[in-house]
Amino acid sequence: GELSWIPIQANCSVPTVSFEPHGMLTYGDVFIRYPFHQSLYLHNTSSLPAKFEVMPQEDKSRAEIEPDQWTGTVPPCASHVITVTLTAHTPGQLRIPMYVKIHGRPVPFPLVLNANSVGPRVEVEQSTLEWGSVKCLEKVTRYVKMTNNSCIDASVRAFMNERKSLWTVHPKIIHLSPQETLQLAVTLEIDECCAMQDTLNLIVQEGEDLTVQVKGRGIDTPVRWEPETDFIDFGTQFTTRTEAREIVIKNRGQAARRISWVRDKDKEKKKVEKKEDAPDKKKKRKGEDDAPPPPVFRVEPEMVTIEPKSAYRFTVLAMSASSGEFEDYLVCNETPDKGGGVAKPIFKPRFRAHIVAPQLRLSTDKLSFQFMWAKDKPVAPLTEKMTLQNIGPLDVRFKVDVQYPFSVDVDEGVIPSNGIQELLVDFDPAFRTERIKDTIRKKLTIQYDEHPAINTVDLEGLVEWPNLHFDTKVLDFGTVINETTKRIEVKMTNVTLVPVSYRWCFVMPERPLDQVSHPRTPAALVSPSETKMSGFARGTATSSASGAFGADDHGKVALGSAGTMSPGASATEMLGADQTDLSQIFDILPIYGKLAPGQEEAVTFSYYGMNDRAFKTGAVCIVEGGPDYSFEMKGTAAPCRFDIDKTELDFGDIPFTEIRDDDLSLINRGKVPVHFNFNLSGISRTVLIEITPQAGILKPDERQKINVKFRAGIPDQVHEIVLVEVEYFEPRRLVVKGSGTFPGVVLGLPRQDEAAHAVALEMAQARMHSRLMDSATDFSDQASPTATFAAGTTERMRRSDATDVARAVSASAKGGHASISADVTAPLPAADADDAPPAVVAATASSAMAKRTGGGTTTGFSF
């Protein structure tokens, strides 16, 4: 069958919905984490019902929205209300998107929820808090009224702006419920006499911070003291004895202060008036001093600057030279260290003490003793006496203390009232067994039981022994060159008030000394009869030497008055087993004498160096009645062994303007320091050679590196002689030589007859080379008497060869064009090349060029 169709028609439409407010929902200020509500109106102006749906919120970190209904229907031509709740999570400006979808429309309608999220609002009743005038270090509390004028809880942290603030706040952590009020306690403990201010900070969590200005002024003083009393009793004490008490003054302020102690002027004035009004006042004696007696009580130190937040310990001293009851007042004042001003009293304590004293009188306060040595005067103790008298009403118990060489016959005792005690004081001048002059000063001390007073008597003992002073006692002659003499001079002074007689001796050993370096080939022994007189004083060992001072100098060798031994002396070897005569080695002049007080004299010690020997002995200056002065004399002799590792320095060919250097070594193989010098006076030009170091001293076994710098200075051969001088020995010759070179250019020209030119050139070169070799041999020996003649002959030969070369060049250089070649390293042909004519130089250079170019003929010019 056939299909039938029925036409169907339909009209699709979507309801029209509008929003009020349009696009933005404004909340204004909202408290954080507290829900706030706003209404959103949906108006359906169409004839169809409209379905709506609030889209879920994607980002809830900053704020969260919640409508009272997420979906619903708006009837035709009607309105519908949605309540939207906003809860902020973070403070600050908020713009939260919200989307409402109308079914049938593809795109949801966007809305923005606009709000300002704020924290709790905390308010204070006043922004400034005044304390007015407050005494220093006194705590005063004021209160700040705080109110939480919001609908959420408030957390507040309170603190002062300054790190070391004078104000303290309590409590520091505050929690306020909505609409709650709190009295915040702020306490001031001011520590300075001036206006102070600070800021109280109130930090509201998630809210606006608050500040309160606090002000106050300090009065009085921030200084305190310990002990906190105004009366100090010293009790009973002895006269001249100082009792001490301590007072600690603390500066708890912020500025330094000068603390000073003065006497109470009002009390002093009353004392003076009372003394003047006394009915039994005695008239002053003529010449009596009107000055008041020294105070009994005093403070040390009287003035001190105490830094802020620090303390000082003052010492209060009570002492009086007289007995009695004493009472006094002292005033402690403070003055600002900066700016000064009038001193202000802060503390006025009262002091009291009862003082008594013993009374003892000494007959003298100094005892002097003097001992002058004399040959016929015995050495015995000296005695002086003194007395102690007790003039007081009570017995005095005493002790005497004195140190050696002084002594006293009474060590301790008791002196009754008005009694006298005699003391005998002794001085022993023999206390210095070494007999050295001296002045001894000691004190005789008298102490009292139960009393700190001490009486002293100065004791002085002068002892004058015959003494000498030497400016040195070191007689080390060191190492000298064989068979030379060295002398040392020593100044000798009589430093006493008595005359001094002296004589010199060598020490006599009990057996021959082993401290001697024997020569490699021992010498023959010398007998006394074979010993001859010399410039040295003859001194040999003797076991019993008679001299001007008697026979008490056993073990010493006396030097005879005429440089010989005393009669009967035996020729005993003092320094070595080979019995060497001592007088051949050492000598002393003068050997005896007498010096007046204060007189000076020079003593000469001599040492003669025997070949490769070392000697050591002792010398003694014997003073009559005084000490012996010992000297150790030693010396060594050795040969001078000097060497140089190079005697010739050849620097070869160098550009004549350049400097080159080389090293050589000086070696001292001996044991004697030697002086060396490089004598440059014989060189022809001073700029040729520079030697470093040019002079000096070589120590034993030392190798000295010497640097020699050489510059030719001219394009020529240089041959110089430097003399190496060592002590007084024959100088050694050091040869320094080299050849100065310079850049050159060689020009070659074609010849008409090359063969003839080559033959003439080779002949001239052969003659010149032969004669130049002879000239160089003569020049190397400058000491030869024929040196001048050889130099003249060489010059004539050079000029003859130059003439031959010039003729050959002239005959061959006619016509043609020139070919040029260069040689910048060609040296001059002879030692006297600066005087040679250009033709000679050209001939040599041309020959060299010919060989390099394969035998071609060239004409050369050097410049």
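Owing to the predicted nature of the structure, the values given are computational and were not obtained by experimental measurement.

About the cut-offs
Residues numbered from 1 in each chain as written. Predicted model: local features only at pLDDT ≥ 70, side-chain atom pairs only at ≥ 80, totals over all residues. Heavy atoms only, no water. Helix = DSSP H or I, 4+ residues; strand = E, 2+ residues; numbered from the N terminus. Buried < 20%, exposed > 50% of the residue type's maximum accessible area, 1.4 Å probe, protein only. Contact = heavy atoms within 4.5 Å. Areas by Shrake-Rupley, 256 points an atom, 1.4 Å probe, with all protein chains shown as cover. Pairing = 2+ DSSP bridges. Axes fitted to C-alpha atoms, helices over the stretch in contact; angles between N-to-C directions. Phe/Tyr/Trp six-rings, centres within 6.5 Å; stacked < 30°, edge-to-face > 60°. Salt bridge = Lys/Arg side-chain N within 4 Å of Asp/Glu carboxyl O. pLDDT = per-residue confidence, 0-100. Patch = residues over 30% accessible without salt bridge, like charges linked within 9 Å, V, L, I, M, F, W, Y side chains within 5 Å. Lys, Arg positive; Asp, Glu negative; His and termini not counted. Charge placed at Lys NZ, Arg CZ, Asp CG, Glu CD.

(A) Representation of the overall build of the protein chain. When helices and strands are tallied, the protein chain shows four helices and 58 strands. The buried share of the protein chain, taken over its 863 residues, is 39%. A separation of at least 24 residues holds for 71% of the contacts in the protein chain among residues at least 6 apart in sequence. Entry remark: accessible area of the protein chain is about 48200 Å², with carbon and sulfur atoms responsible for 51%.

(B) Fine view of the pairing of strand β21 (residues 243-251). Summarising the sheet, strand β19 (residues 223-226) and β21 pair through four bridges and their orientation is antiparallel. Following the sheet pairing, E226 is matched in β21 by V248. Strand direction decides the pairing type here: β21 and strand β25 (residues 310-318), joined by nine bridges, are antiparallel. Looking across to β25, one finds that E243 is bridged to A318.

(C) Local environment of the sheet that holds strand β4 (residues 50-54). Strands sit in the order β2-β9-β8-β4-β6 across an open sheet of five strands; the sheet is mixed. Edge positions in the sheet fall to β2 (24-31) and β6 (71-74), since each of these pairs with one other strand and no more. The mean inter-strand angle of the sheet, taken between neighbouring strand axes irrespective of direction, is 25°. Pairing geometry for β2 and strand β9 (residues 109-118), over seven bridges, is parallel. Each bridged residue has a counterpart across the sheet, and for F31 the counterpart in β9 is V118.

(D) Representation of the packing of aromatic side chains in the model. According to the stated counting rule, one finds 27 aromatic pairs in the structure shown. On the basis of an interplanar angle of 35° and a centroid distance of 5.6 Å, the ring pair of F234 and F297 is categorised as tilted. Taken as a pair, F234 in strand β20 (residues 231-238) and F297 in strand β23 (residues 297-300) lie far apart in primary sequence, 63 residues in all. In this structure, F234 and F297 share a single accessibility class: buried. Between F651 and F710, the ring centres sit 4.9 Å apart and the planes meet at 10°, which makes this aromatic pair stacked. Of the two residues, F651 sits in strand β49 (residues 648-655) while F710 sits in strand β54 (residues 703-710), which places them 59 residues apart along the sequence. Here F710 falls in the buried class, since its relative accessible area comes to 0%. Among the aromatic residues, those joined into a ring-pair cluster are W225, W261, Y312, F314 and F347.

(E) Broad picture of the pattern of salt bridges. Following the criterion strictly, the structure yields 27 salt bridges and no others. Here E243 ties to R245 by a salt bridge, and the two come within 3.7 Å at their closest N and O atoms. One salt bridge connects D662 with K646, and the closest N-O pair in it is separated by 3.6 Å. Highlighted residues: D662 in strand β50 (residues 660-668) and K646 in the loop between β48 (642-644) and β49, separated in sequence by 16 residues. Ionic contacts of the salt-bridge type, sharing partners, join the residues E192, R257, E334 and K344 into one network.

(F) Focus on the environment of Q704. Along the polypeptide, Q704 turns up in strand β54. With 39 residues separating them in the primary sequence, Q704 and S665 have C-alpha atoms 5.5 Å apart. Here Q704 is in contact with L664, S665, L666, F676, P693 and L698, once residues within four sequence places are set aside.

(G) Region of the structure containing the confidence of the model for the protein chain. Averaged over all residues, the pLDDT of the protein chain equals 77, while 77% of them reach at least 70. Within the model, the stretch residues 280-284 combines pLDDT values under 50 with three contacts to residues more than four positions away or in other chains. Predicted confidence is poor over residues 510-558, with pLDDT under 50, and the contacts of this stretch with residues over four places away or in other chains come to 116 contacts.

(H) Seen up close, the sheet that holds strand β45 (residues 600-608). Strand order in the open sheet formed by four strands is β38-β40-β45-β43, and the pairing between neighbours is antiparallel. The open sheet terminates on both sides in strands that have one partner only, identified here as β38 (468-470) and β43 (586-589). The average undirected angle you get between the axes of adjacent strands in this sheet is 25°. Two elements, β38 and strand β40 (residues 485-494), share three bridges in a ladder whose sense is antiparallel. Bridge pairing in β40 places L468 opposite N494.

(I) Highlighting a negative patch on the surface. Taken together, the side chains of D401, D409, D411 and E412 define an acidic patch exposed on the protein surface. For D409, the position within the fold is in the loop between β33 (406-408) and β34 (412-415). A relative accessible area of 46% means that D409 is categorised as partly exposed.

(J) Summary view of the pairing of β23. Of the two faces of β23, the one holding F297 and V299 is buried and the one holding R298 and E300 is not buried anywhere. Where β23 and β25 come together, four bridges link them in antiparallel fashion. Paired with R298 across the strands is L317, a residue of β25.

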